[in-house]
Amino acid sequence: MNERTEAAHADLLDAIVEALHLPLPSIADEDERLYYRLLERRALAVRIIVATNRAVSRDPRLAADAIRTRTAEEPVTYAVFEAEKDGGEW
């Protein structure tokens, strides 16, 4: 594997991590439901894109671009968790 290929695979892994790393939701039930639905949809999209890429082009750059595009189409819409501070400490 050459440096260019290694960089493309590293970029694909970065895209996967970015897609699946969601901020924690607030403690409201609706926010938790939205969080889990979004995580599930993004995980499904990642699985489909990677499987399709392996079967068709085998180009990790294409898969990374597709994952980032799909992630941008499904942004975080729930309220995120904010830790309460007590005396400056968590």
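A brief look at the structure comes next. Note that the structure is a prediction, hence the values are computed from the model and not measured. (Residues numbered from 1 in each chain as written. Predicted model: local features only at pLDDT ≥ 70, side-chain atom pairs only at ≥ 80, totals over all residues. Heavy atoms only, no water.)

### A short note on the overall build of the protein chain
Inference 1: Each helix and strand in the protein chain was counted, giving three helices and zero strands.
Inference 2: Counting from the amino terminus, helix and strand elements in the protein chain follow one another as α-α-α.
Inference 3: Against the 2.2 N^0.38 benchmark of 12 Å for 90 residues, the protein chain shows a C-alpha radius of gyration of 17 Å, more extended than a compact globule.
Inference 4: In terms of overall dimensions, the protein chain has C-alpha extents of about 55 × 25 × 15 Å along its principal axes.
Inference 5: Here the protein chain, with 90 residues, has 27% of them falling under the buried criterion.
Inference 6: Considering only contacts within the protein chain whose residues lie at least 6 apart along the sequence, 66% involve residues at least 24 apart. (Helix = DSSP H or I, 4+ residues; strand = E, 2+ residues; numbered from the N terminus. Rg over C-alpha atoms; globule rule 2.2 N^0.38 Å. Buried < 20%, exposed > 50% of the residue type's maximum accessible area, 1.4 Å probe, protein only. Contact = heavy atoms within 4.5 Å.)

### A look at the nonpolar core
In summary, soluble globular proteins display a tendency toward joint burial of nonpolar side chains.
Inference 1: One finds L12, A15, I16, A19, V46, I49, A63, A64 and I67 forming the largest nonpolar core, which totals nine residues.
Inference 2: Elements supplying a minimum of two residues to this core: α1 (3-20), α2 (29-55) and α3 (60-73).
Inference 3: Once residues lying within four places of it in the same chain are set aside, the contact partners of V46 are I16, A19, L20 and I67. (Core = buried A, V, L, I, M, F, W, Y, C linked by side-chain atoms within 4.5 Å.)

### Structural notes on the packing of α1 against α2
Inference 1: One can describe the packing of α1 onto α2 by two numbers: an axis separation of 9 Å at closest approach and a directional angle of 160 degrees. Classified by the angle their axes make, α1 and α2 are roughly antiparallel. The segment α1 lies against α2, with I16, E18, A19 and L20 engaging L39, R42, A43, V46 and V50.
Inference 2: Residues belonging to the contact of α1 with α2 are distributed by class as follows: seven nonpolar, no polar and two charged. (Axes fitted to C-alpha atoms, helices over the stretch in contact; angles between N-to-C directions. Parallel < 35°, antiparallel > 145°, perpendicular 65-115°, else oblique. Nonpolar A, V, L, I, M, F, W, Y, C, P; charged D, E, K, R; others polar.)

### Points about the pattern of salt bridges
Inference 1: Enumeration according to the criterion identifies seven salt bridges in this entry.
Inference 2: Notably, a salt bridge pairs R68 with D11, separated by 3.0 Å at the nearest N-O pair. Here R68, found in helix α3, pairs with D11, found in helix α1; they are 57 residues apart in sequence, far enough to count as distant.
Inference 3: On the basis of relative accessibility, which here comes to 29%, the residue R68 falls in the partly exposed class.
Inference 4: A relative accessible area of 26% places D11 in the partly exposed class.
Inference 5: The partner of R33 in a salt bridge is E30, and the shortest N-O contact between them spans 2.9 Å. With R33 and E30 both in helix α2 and three residues apart, the pair spans about one turn of that helix.
Inference 6: Shared partners join several salt bridges into a network, and the residues in it are R41, R70, E73 and E74. (Salt bridge = Lys/Arg side-chain N within 4 Å of Asp/Glu carboxyl O.)

### Section: the packing of aromatic side chains
Think of a pair of aromatic rings as described by two things: how far the centres are apart, and how the planes are tilted against each other in angle.
Inference 1: One pass over the full model with this rule turns up two aromatic pairs.
Inference 2: Ring geometry for Y35 versus Y36: centroids 4.9 Å apart, planes at 80 degrees, classification edge-to-face.
Inference 3: Its relative accessible area of 12% is what places Y35 among the buried residues.
Inference 4: With centroids separated by 5.9 Å and ring planes inclined at 85 degrees, the aromatic side chains of Y35 and Y78 adopt a geometry described as edge-to-face. Taken together, the residues span a long stretch of sequence, with Y35 in helix α2 and Y78 in the segment after α3 at a distance of 43 residues.
Inference 5: An aromatic cluster is present here, built from Y35, Y36 and Y78 joined pairwise through their rings. (Phe/Tyr/Trp six-rings, centres within 6.5 Å; stacked < 30°, edge-to-face > 60°.)

In short, shape yes, function no, at least from these values alone.
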